[in-house]
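So the chains spell out like this:
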Amino acid sequence: MRKLLILSFLFSVSLLQAQPTPGIQWQRALGGIGPEQSTITRKTSDGGYIMACTADSASRPVTGGFPGKDIWVVKMNAQGITEWSKSYGGNNDDFLRHLFLNTDGSFTIFGLTASNNGNVSGNHGANDVWAFKISSTGTLIWQRCYGGSLQEEFRGGLINSNGNIVTVISSQSNDGDVTGHHGVPNTDFWVVEINNNTGAIVAQKAYGGTDIDVPRGIIQMSDGKYVLTGYTRSNDGDVSGNHSVSPASDIWVLKLSSITTMEWQKCLGSPSTGPETGYKIAESPGRSVLIMGDVYGNGGDVSGFKGVWDTWIAKLSETGSLLWQKCLGGSNPEWPLNFFENNDGSVMVLSNTVSNDGDVTGFHNGGSGAEDLWLVKLNNTGGILWQKTYGGSEGDGVYGGQNSLILQSDSNFVLAGFTNSRDGDVLGYHPPSSNPFDTATDVWILKVSKTNGNIIWQRCLGGTSLEYLTYIEQESPVNFIVSAITLSSNGDVSGPRQTNNPTWDAWVVRLGAINRIRGSVFIDN
């Protein structure tokens, strides 16, 4: 009998050492009778969580705040219990865009505002980018509007090596805080360094030409310089070498040696009639740069185009020379979502696809036109090592794309998005109610193998209505904090929620290891 107990114990240990599907440790649906959207939740230095979202004025009995939309912030403890909540904004609409965690436990929040009252002052006109810093208990430390008399929009940002925040903004203005704009009322890349202690502008400069230039991302390199990407329709001012003719666009990449000094710029793309755009950039060894975008044709910098529009990956040298490029796709559209480079120089690329030819095999949706998630592993010169599609007979993809591809410590990958499917690769989908006009979308998270992309585990989260992932953060190899919006009040979703008036709520879920052993009894005779 003792031998049986030892064998039973060893078998139990082997099960625990496997990689079970993470379970829901806790979840919270948060909001009032108005819609809450654009949810971001992050782990805080005290072991709790900070959630921020855009909240509608109809939710004011729950969220507080002002008329119009506000930015609603909720501080939760490690179990997801609310410690405090506050709304920030004014009498017009204020929208959340990004949430930064500071090393002292405070938070700096970026949004968009049309207000000039309440918590907001100094609006220059139309919509300004609005930033405010709050303490760990929600006390407002400073606030500042950034922009001019026309429209501004936050497009990306980072905390730099000096502890300041560097943002890239699309700006139509040439007054207020903005100088040197190239083509009012078209947009420029407006790069602003902000003192994180006071909100004051440290440096700013507009980059672009006389046509439309829209930024989509910014990184700081290991040497302290900055690289930006987006798209341009210009071929003058700071822009040269554009392959397209407006209203088509090229991917535009520029490197700054400082906020106010451009080191080089590069237009990348084809002479197609489509809007080619750079979405994400990353530093590669040797201070080279990897870029992810989409392309609409062959020629110029592009070869190997498959059809409609493809995901495009390119590598530039430290000085901006094109080292290699790769079109990924089939005869139908692909949408680039996310990518990263592995330690061995291989590159993981995540897209949505509706193709089943060219580079794509294993598409699940037949002729329905609904997308699959598509993961490709490239070698260090852009050759395809393997590719795999994920999904079922309905749409499976990514809403927003934030953190949709995560590298784990075991070198495997986590993909995060949504699913409408109840077949194929999808298990545990929460179908809609019996009403044939109802639809349901679940948050879908899956872990896949680094070797061949095979699914290690997958998990659907949701109820019988709609859920969309808005942000996911990995706390540890087995723990994730999931931010979403939900219309459900059943399945995995429970209150506090206004079930009599189903509008979008913020939904926060903590996934992690769950002990599924129930009532084991050991008897030794």
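Small disclaimer: the values here were computed from a predicted structure and weren't measured.

Conventions and cut-offs
- Residues numbered from 1 in each chain as written.
- Predicted model: local features only at pLDDT ≥ 70, side-chain atom pairs only at ≥ 80, totals over all residues.
- Heavy atoms only, no water.
- Helix = DSSP H or I, 4+ residues; strand = E, 2+ residues; numbered from the N terminus.
- Rg over C-alpha atoms; globule rule 2.2 N^0.38 Å.
- Buried < 20%, exposed > 50% of the residue type's maximum accessible area, 1.4 Å probe, protein only.
- Areas by Shrake-Rupley, 256 points an atom, 1.4 Å probe, with all protein chains shown as cover.
- Salt bridge = Lys/Arg side-chain N within 4 Å of Asp/Glu carboxyl O.
- Pairing = 2+ DSSP bridges.
- Axes fitted to C-alpha atoms, helices over the stretch in contact; angles between N-to-C directions.
- Phe/Tyr/Trp six-rings, centres within 6.5 Å; stacked < 30°, edge-to-face > 60°.
- Lys NZ or Arg CZ within 6 Å of the ring centre and 35° of its normal.
- pLDDT = per-residue confidence, 0-100.
- Contact = heavy atoms within 4.5 Å.
- Lys, Arg positive; Asp, Glu negative; His and termini not counted.
- Core = buried A, V, L, I, M, F, W, Y, C linked by side-chain atoms within 4.5 Å.
- Polar contact = N/O pair within 3.5 Å; in protein donor to acceptor, adjacent residues only side chain to side chain.

Draft legend 1. Structural detail: the overall build of the protein chain. Looking only at helices and strands, the protein chain features two helices and 33 strands. For 525 residues, the compact-globule estimate of 2.2 N^0.38 gives 24 Å, and the C-alpha radius of gyration of the protein chain, at 24 Å, lies within 12% of that figure. Out of the 525 residues belonging to the protein chain, those deemed buried represent 55%. Carbon and sulfur atoms make up 51% of the accessible area of the protein chain, which totals about 20,100 Å².

Draft legend 2. Seen up close, the pattern of salt bridges. Taken as a whole and judged by the stated rule, the model has 12 salt bridges. Between E475 and K43 there is a salt bridge, with its nearest N and O atoms 3.3 Å apart. Taken together, the residues span a long stretch of sequence, with E475 in strand β31 (residues 467–476) and K43 in strand β2 (residues 36–43) at a distance of 432 residues. Taking the relative accessible area as the measure of exposure, E475 reaches 22% and is therefore partly exposed. Overlapping salt bridges, with partners in common, bring together K43, E475 and R510 in one network.

Draft legend 3. Highlighting the sheet that holds strand β33 (residues 505–512). Read from one edge to the other, the open sheet built from four strands follows the order β1-β33-β32-β31, with strand pairing classed as antiparallel. Edge strands, defined here as strands with exactly one partner in the open sheet, are β1 (23–30) and β31. Ignoring strand direction, the axes of neighbouring strands in this sheet form an average angle of 15 degrees. Relative to strand β32 (residues 479–486), β31 is paired through eight bridges, and the arrangement is antiparallel. Bridging from a neighbouring strand, Y471 pairs with S483 of β32.

Draft legend 4. How the structure looks around the packing of aromatic side chains. Considering all chains together, one arrives at 12 aromatic pairs under this definition. Arranged with centres 6.1 Å apart and planes meeting at 50 degrees, the rings of Y468 and W504 form a pair that is tilted. Linking Y468 in strand β31 with W504 in the loop between β32 and β33, this pair joins segments that are 36 residues apart in sequence. In terms of burial, Y468 and W504 fall into one category: buried. Taken together, the ring pairs in this structure connect Y88, W130 and F132 into an aromatic cluster. The positively charged end of K280 is found above the aromatic ring belonging to F339, 5.8 Å away from the centroid.

Draft legend 5. How the structure looks around the confidence of the model for the protein chain. For the protein chain, the mean per-residue pLDDT works out to 91, and 91% of the residues sit at or above 70. Here residues 1–17 scores under 50 on pLDDT; set against residues more than four positions off or in separate chains, the count is seven contacts.

Draft legend 6. Representation of the side chain of D301 in the model. Residue placement: D301 occurs in the loop between β19 (288–295) and β20 (310–316). Here D301 is buried and forms no salt bridge, its nearest opposite-charge partner K266 lying at an N-O distance of 5.4 Å. Not counting residues within four places of it along the chain, the set of residues in contact with D301 comprises H243, C267, L268, G269, W312, L322 and Q325.

Draft legend 7. View of the pairing of strand β21 (residues 322–328). Sheet topology places β20 next to β21; six bridges connect them, and they run antiparallel. Across the sheet, T311 pairs through a bridge with L328, a residue of β21. Hairpin geometry of β20 and β21 is characterised by an intervening segment of five residues between the two adjacent antiparallel strands and by a positive phi of about 95 degrees at G320.

Draft legend 8. Main features of the side chain of S234. Mapped onto the elements, S234 comes out in the loop between β15 (226–232) and β16 (250–258). Excluding anything up to four places from it in sequence, S234 contacts G209, T210, D211, I212, D213, V239 and N242.

Draft legend 9. Structural detail: the sheet that holds β19. Taken together, four strands build an open sheet; the order of strands is β18-β19-β20-β21 and the sheet is antiparallel. Both edges of this open sheet fall to β18 (277–284) and β21, since each of them pairs with a single strand only. Neighbouring strand axes in the sheet, compared pairwise and without regard to direction, differ in orientation by 20 degrees on average. Relative to β20, β19 runs antiparallel, the two being bridged by seven bridges. Within β20, the position partnered with G293 by the bridge is W312.

Draft legend 10. Molecular detail of unusual backbone geometry. Residue P185 is bonded to the preceding V184 through a cis peptide linkage, with omega at 5 degrees. The omega torsion of the bond from S246 to P247 falls at 15 degrees, within 30 degrees of zero and hence cis. Structurally, P247 is set in the loop between β15 and β16. With a phi close to 55 degrees, A126 is a non-glycine residue in the positive phi region. Located in the positive-phi region is S411, a residue other than glycine, with phi close to 70 degrees.

Draft legend 11. Here's a closer look at the pairing of strand β13 (residues 201–207). In this sheet, β13 lies alongside strand β12 (residues 188–194) in antiparallel orientation, the contact comprising six bridges. What sits directly across from V191, in β13, is K205. Between the end of β12 and the start of β13, which pair antiparallel, lie six residues, with G199 showing a positive phi angle near 85 degrees.

Draft legend 12. Representation of the nonpolar core. Among the nonpolar cores identified, the biggest contains 19 residues, and L373, L375, Y390, L405, F413 and L415 are the most heavily contacted of them. Looking at this core, the elements with two or more residues in it are β22 (334–341), β23 (347–353), β24 (372–378), β25 (384–390), β28 (413–419) and β29 (442–448). Sequence-distant contacts of L373, defined by excluding residues within four places in its chain, comprise L337, L350, S351, N352, K388, T389, Y390, D396, G397, V398, W444 and L446.

Draft legend 13. Just the environment of Q387, in detail. Mapped onto the elements, Q387 comes out in strand β25. Accessibility expressed as a relative area gives 17% for Q387, which makes it buried. It is 41 Å that separates the C-alpha atoms of Q387 and G237, two residues lying 150 residues apart in sequence. Sequence-distant contacts of Q387, defined by excluding residues within four places in its chain, comprise D359, V360, T361, W374, L375 and V376. Within the structure, Q387 has its side chain in polar contact with the side chain of T361 (distance 2.3 Å). A polar atom in the side chain of Q387 sits 2.7 Å from the side chain of W374.

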